[in-house]
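One-letter residues, chain by chain:
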Amino acid sequence: MTSSPSTIAPTTTTPGKRPRRRGELSPAARVGTHVTLTVASLIALFPIVWLLYLSLGPDKDDYLHPGGIFAKATLDNYSFVLTNTAFFNWLWSTLVVAGGTTLFGVMSAATTGYAVSRMRFPGHRPLMWVLLLTQAFPIAVLIVPMYEIFSQLRLIDSHLGLILVNCTTIVPYCSWLLKGYFDTIPIELDEAGMIDGLTPFGTFWRLILPLARPGLAVAAFYAFITAFAEVAFASTFLLDDSKYTFAVGLQSFVSEHDAQWNLMAATAVLIAIPVTIFFYLVQRHVVTGLTAGGVKG
């Protein structure tokens, strides 16, 4: 008696239908993802578009009746801000403060983060926790003692004083950020630099910093934006209106009983231009730096 060979039913596939790969979204899921991202983008862009729209209204109360702005839209608000205010003084002061804070703050944070990442000196762990603890104090608590210290140092009403004050909030955060990024760089590079005769600072400057460019870009972007938009310190430590930053200058459009919202909107649109340019210059490294610092720490 012969046994019949086992038969295996052939797999059948629907003609014209490609099997979905692992992790691949279904058509309905793709549509839902695109719809969600589109809605999120519109929500993010709405405040910007609305601010631009309000800046075209000729009257300070047009924000109460926004529907009538389109019929009488004008660029007179921009002309007034550029010609009848200290806009360019505000611009210069803001760029000096933001640029100085970025340069000094990021370099201080980079050396601190590198030292804690590579060197094992007494108190290196408590140092980072002390830096983190400084972020727990609200700005209102810090203003009075810092004002007293800086008045004794004759740094009140100076850009240098405001830069140093801004660094008290920027350096702790950026030190943690860059410490995590330096941890992702192999320590063998430091050892190779020492074999080649480089000093510790030479190794840091010539080998490590070029590799840490994405992390430095993220820290620089954070420092620049923070100093650019800072209000509490700037309004307290700057007394001369010729040294005002944008954040303080905007307050000149607000009086006790009135606010010129149309001029404030136009100024805000103009203020966004330097920030946009700065972001465009560093955006290539921002995404890489944001993710790489969290890999190891």
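Since the structure is predicted, the reported quantities are computational estimates derived from the model, not experimental observations.

What about unusual backbone geometry?
Right, on to step 1. For arginine 154, which is not glycine, the phi dihedral falls at a positive 60 degrees.
Right, on to step 2. Relative to the elements of secondary structure, arginine 154 occurs in the loop between α5 (139-152) and α6 (159-183).
Right, on to step 3. A positive phi angle, near 60 degrees, is found at aspartate 157, a position not held by glycine.
Right, on to step 4. Take aspartate 157: it is sitting in the loop between α5 and α6.

Structural notes on the packing of helix α4 (residues 124-133) against α6
Right, on to step 1. For the pair α4 and α6, interaxial distance at closest approach is 8 Å and the crossing angle is 135 degrees. In terms of orientation, α4 and α6 fall into the oblique class. Two packed elements cross with a definite hand, and for α4 against α6 that hand is left-handed. Contacts between α4 and α6 involve Met128, Trp129, Leu131 and Leu132 from the first element and Pro172, Ser175, Trp176 and Lys179 from the second.

Some details on the environment of phenylalanine 233
Right, on to step 1. Looking at where phenylalanine 233 falls in the secondary structure, it is placed in helix α10 (residues 232-237).
Right, on to step 2. Residue class for phenylalanine 233 comes out buried when judged on its relative accessible area of 1%.
Right, on to step 3. Sequence spacing of phenylalanine 233 and isoleucine 163 is 70 residues, and the spatial spacing of their C-alpha atoms is 9.9 Å.
Right, on to step 4. Contacts of phenylalanine 233, omitting those with residues within four sequence positions, involve Ile139, Ile143, Met146, Leu162, Val165, Asn166, Thr169 and Leu238.

Concerning the nonpolar core
Right, on to step 1. Within the largest apolar cluster, 39 residues are counted, with the highest numbers of intra-cluster contacts made by Val81, Leu178, Phe182, Leu216 and Phe228.
Right, on to step 2. Sorting the residues of this core by element identifies α2 (76-84), α3 (87-118), α6, α8 (200-211), α9 (213-229) and α12 (261-292) as the ones contributing at least two each.
Right, on to step 3. Examining the composition of this core, we find that 9 residues originate from one element, α9, more than from any other.
Right, on to step 4. What phenylalanine 182 contacts, discounting residues up to four positions off in sequence, is Ala110, Gly113, Tyr114, Ser117, Arg118, Phe204, Ile208 and Ala212.

Regarding the pattern of salt bridges
Right, on to step 1. If you walk through the whole model with that rule in mind, you get 3 salt bridges.
Right, on to step 2. Lysine 72 is the salt-bridge partner of aspartate 62, the closest N and O atoms lying 3.1 Å from each other. With aspartate 62 in the loop between α1 (27-54) and α2 and lysine 72 in the loop between α1 and α2, this pair connects stretches of sequence that are 10 residues apart.
Right, on to step 3. Take aspartate 62: its relative accessible area is 6%, and that puts it in the buried class.
Right, on to step 4. Among the residues examined, lysine 72 registers a relative accessible area of 40% and is labelled partly exposed.
Right, on to step 5. Residues arginine 118 and aspartate 190 are paired through a salt bridge, measuring 2.9 Å at the closest nitrogen-oxygen approach. Of this pair, arginine 118 sits in helix α3 while aspartate 190 sits in helix α7 (residues 188-195), and the two are 72 residues apart along the sequence.
Right, on to step 6. Aspartate 190 sits in the buried class, given a relative accessible area of 5%.

Observations regarding a nonpolar patch on the surface
Right, on to step 1. On the surface, Val31, Val35, Val39 and Ile43 cluster together to form a nonpolar patch covering roughly 360 Å² of accessible area.
Right, on to step 2. As for its position among the elements, valine 31 is in helix α1.

Looking at α8
Since one α-helical turn is 3.6 residues long, residues separated by three or four positions face the same way.
Right, on to step 1. Given a rise of 1.5 Å per residue, 12 residues ought to cover 16 Å, and the 16 Å separating the end C-alpha atoms of α8 matches this to within 8%.
Right, on to step 2. All buried positions along α8 are accounted for by Gly202, Thr203, Phe204, Ile208 and Leu209.
Right, on to step 3. Where α8 is buried, its residues touch α3, α6, α7 and α9.

Some thoughts on α4
Right, on to step 1. Within the span of α4, buried status applies to His124, Met128 and Leu131. Angularly, the buried residues of α4 cover 60 degrees about the axis, an arc narrow enough to put them on a single face. Of the exposed residues in α4, the ones pointing more than 90 degrees away from its buried face are Arg125, Trp129 and Leu133.

Some details on the packing of aromatic side chains
Right, on to step 1. Applying the stated criterion across every chain yields a total of 21 aromatic pairs.
Right, on to step 2. Judged by centre distance (4.9 Å) and plane angle (40 degrees), the ring pair of tyrosine 114 and phenylalanine 204 falls under tilted. One end of the pair, tyrosine 114, is in helix α3; the other, phenylalanine 204, is in helix α8, and 90 residues separate them in sequence.
Right, on to step 3. Site record: aromatic cluster; members linked through ring pairs are Phe87, Phe88, Phe221, Phe224, Phe228, Phe246, Phe278 and Phe279.

Topic: the environment of valine 97
Right, on to step 1. In this fold, valine 97 is placed in helix α3.
Right, on to step 2. The class of valine 97 is buried, set by a relative accessible area of 1%.
Right, on to step 3. It is 5.6 Å that separates the C-alpha atoms of valine 97 and isoleucine 163, two residues lying 66 residues apart in sequence.
Right, on to step 4. Other than its neighbours up to four places away in sequence, valine 97 contacts His159, Leu162, Ile163, Asn166, Ala227 and Thr245.

Calculation rules
- Residues numbered from 1 in each chain as written.
- Predicted model: local features only at pLDDT ≥ 70, side-chain atom pairs only at ≥ 80, totals over all residues.
- Heavy atoms only, no water.
- Helix = DSSP H or I, 4+ residues; strand = E, 2+ residues; numbered from the N terminus.
- Axes fitted to C-alpha atoms, helices over the stretch in contact; angles between N-to-C directions.
- Parallel < 35°, antiparallel > 145°, perpendicular 65-115°, else oblique.
- Left-handed = near helix turned anticlockwise from the far one by under 90°.
- Contact = heavy atoms within 4.5 Å.
- Buried < 20%, exposed > 50% of the residue type's maximum accessible area, 1.4 Å probe, protein only.
- Core = buried A, V, L, I, M, F, W, Y, C linked by side-chain atoms within 4.5 Å.
- Salt bridge = Lys/Arg side-chain N within 4 Å of Asp/Glu carboxyl O.
- Patch = residues over 30% accessible without salt bridge, like charges linked within 9 Å, V, L, I, M, F, W, Y side chains within 5 Å.
- Areas by Shrake-Rupley, 256 points an atom, 1.4 Å probe, with all protein chains shown as cover.
- Expected span 1.5 Å × (residues − 1).
- Arc of directions from axis to C-beta.
- Phe/Tyr/Trp six-rings, centres within 6.5 Å; stacked < 30°, edge-to-face > 60°.

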